[in-house]
Amino acid sequence: MSDSHAALQNHLLAALPAVEFESLSPHLELVQMRLGDVLYESGGELRYAYFPTTCIVSLLYVMEDGASVEIAGVGNDGVIGVALVMGGENMPNLAIVQCAGYAYRLKSQLLKDAFNRGGGRRSGALQNLLLRYTQALITQVSQTAVCNRHHSVEQQLCRWLLSSLDRSPSNELTVTQELIARMLGVRREGITEAAGKLLHAGLISYRRGHITVLDRSGLEKRACECYQVVKTEFDRLLPDVLATQVVEPRCMRAELSASRDEKRATALRPSIQMRVSSNSSR
């Protein structure tokens, strides 16, 4: 396996003791994640856990009328499917690919077996790591709810861009304004106005389907405290994961054409849950 798609690009996997990772690695399956792919719908059976390496997955809550809002994002810093180790067998929300790339998947029973394994030095290593990650994820969900209620669209956009940037192998994100609006649960016009302010301030550049961050420090100054709260809590709970970020190899960006990405993003219109049927078997 080339370094560009190495499983250890996922910081949780990289933080495992070598012996524990070696026991899991034969069962990890590399899968391509296309923009807009639905991994799970709300209530869907969790057949796999996904460890992103170069993709980013959004966890969304979808209302009965089709309106949706992102409650958390998961990239190379985490795993999709923590409900498996918390006593659940179903996904509590919609999981959809926000930025294309790759991930490794592991069959649900194998993850549960590894989580509950006892004896010797391997006892509790994965369990401890996933429980701490779950607490960090809860912090992200809680802070996102507060941010969506109390902060401006511009502040929310800055938080979202910074969080996505942390999980991206470059300073460029392949995403449309329409998709960002759906993630934040706001009107597209609000995103257009907020992005325009960041553009004129020289913090980002934008062309259809592509946002490049030019001044990260300037973006951090305009963001609300929510970004730093989540990052600080993540770093506090998972210092071993933070250490893996220093030595990780640079990832190869998925070579997906902008036109195909834009078409898939455009498909994420009001009835987003209607797209689940062809993807829920992943």
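Source: prediction; values computed, not measured.

Notes on the overall build of the protein
Item 1. Along its length, the protein carries eleven helices and ten strands.
Item 2. Counting over 282 residues, the protein shows a buried share of 55%.
Item 3. Considering only residue pairs separated by 6 or more positions, the protein has 77% of its internal contacts joining residues 24 or more positions apart.

Describing the sheet that holds strand E8 (residues 172-174)
Sheet strands line up and pair through hydrogen bonds in the backbone, either parallel or antiparallel.
Item 1. Ordered by their spatial adjacency, three strands build an open sheet running E8-E10-E9, and the pairing between neighbours is antiparallel. Two strands lie at the open edges of the sheet, namely E8 and strand E9 (204-207), each paired on one side alone. Along the sheet, successive strands turn relative to each other by an average axial angle of 15°, direction set aside.
Item 2. As paired elements, E8 and strand E10 (residues 210-213) share three bridges and run antiparallel to each other. Paired with Thr-174 across the two strands is His-210, which belongs to E10.

Points about the packing of aromatic side chains
Item 1. Counted under the stated rule, the structure contains three aromatic pairs.
Item 2. Relative to Phe-234, the ring of Tyr-133 lies with its centre 6.4 Å away and its plane at 85°, an arrangement referred to as edge-to-face. One end of the pair, Tyr-133, is in helix H4 (residues 125-150); the other, Phe-234, is in helix H9 (residues 226-237), with 101 residues separating them in the sequence. For the pair shown, Tyr-133 and Phe-234 are each scored as buried.
Item 3. Connected via pairs of aromatic rings, a cluster forms that spans Tyr-40, Tyr-48 and Tyr-50.

Considering the environment of Leu-242
Item 1. Looking at the secondary structure, you find Leu-242 in helix H10 (residues 239-247).
Item 2. We classify Leu-242 as partly exposed; its relative accessible area is 33%.
Item 3. Separated by 165 residues in the primary sequence, Leu-242 and Asp-77 place their C-alpha atoms 8.7 Å from one another.

A word on the side chain of His-210
Item 1. One can find His-210 in strand E10.
Item 2. At 2.7 Å, the side chain of His-210 forms a polar contact with the side chain of Glu-172.

Considerations on the pattern of salt bridges
Item 1. The full count for this structure, using the stated rule, is twelve salt bridges.
Item 2. A salt bridge links Arg-187 to Glu-189; its shortest N-O distance comes to 3.7 Å.
Item 3. On the accessibility criterion, Arg-187 (62% relative accessible area) is exposed.
Item 4. A salt bridge links Lys-197 to Glu-193; the shortest N-O distance between them is 3.9 Å. Remark: Glu-193 and Lys-197 occur in helix H7 (residues 188-200); sequence separation between them is four residues, near one turn of the helix.
Item 5. The exposed category is assigned to Glu-193, whose relative accessible area is 52%.
Item 6. The structure contains a network of salt bridges with shared partners spanning Asp-166, Arg-216 and Glu-220.

Rules used in this analysis
- Residues numbered from 1 in each chain as written.
- Predicted model: local features only at pLDDT ≥ 70, side-chain atom pairs only at ≥ 80, totals over all residues.
- Heavy atoms only, no water.
- Helix = DSSP H or I, 4+ residues; strand = E, 2+ residues; numbered from the N terminus.
- Buried < 20%, exposed > 50% of the residue type's maximum accessible area, 1.4 Å probe, protein only.
- Contact = heavy atoms within 4.5 Å.
- Pairing = 2+ DSSP bridges.
- Axes fitted to C-alpha atoms, helices over the stretch in contact; angles between N-to-C directions.
- Phe/Tyr/Trp six-rings, centres within 6.5 Å; stacked < 30°, edge-to-face > 60°.
- Polar contact = N/O pair within 3.5 Å; in protein donor to acceptor, adjacent residues only side chain to side chain.
- Salt bridge = Lys/Arg side-chain N within 4 Å of Asp/Glu carboxyl O.

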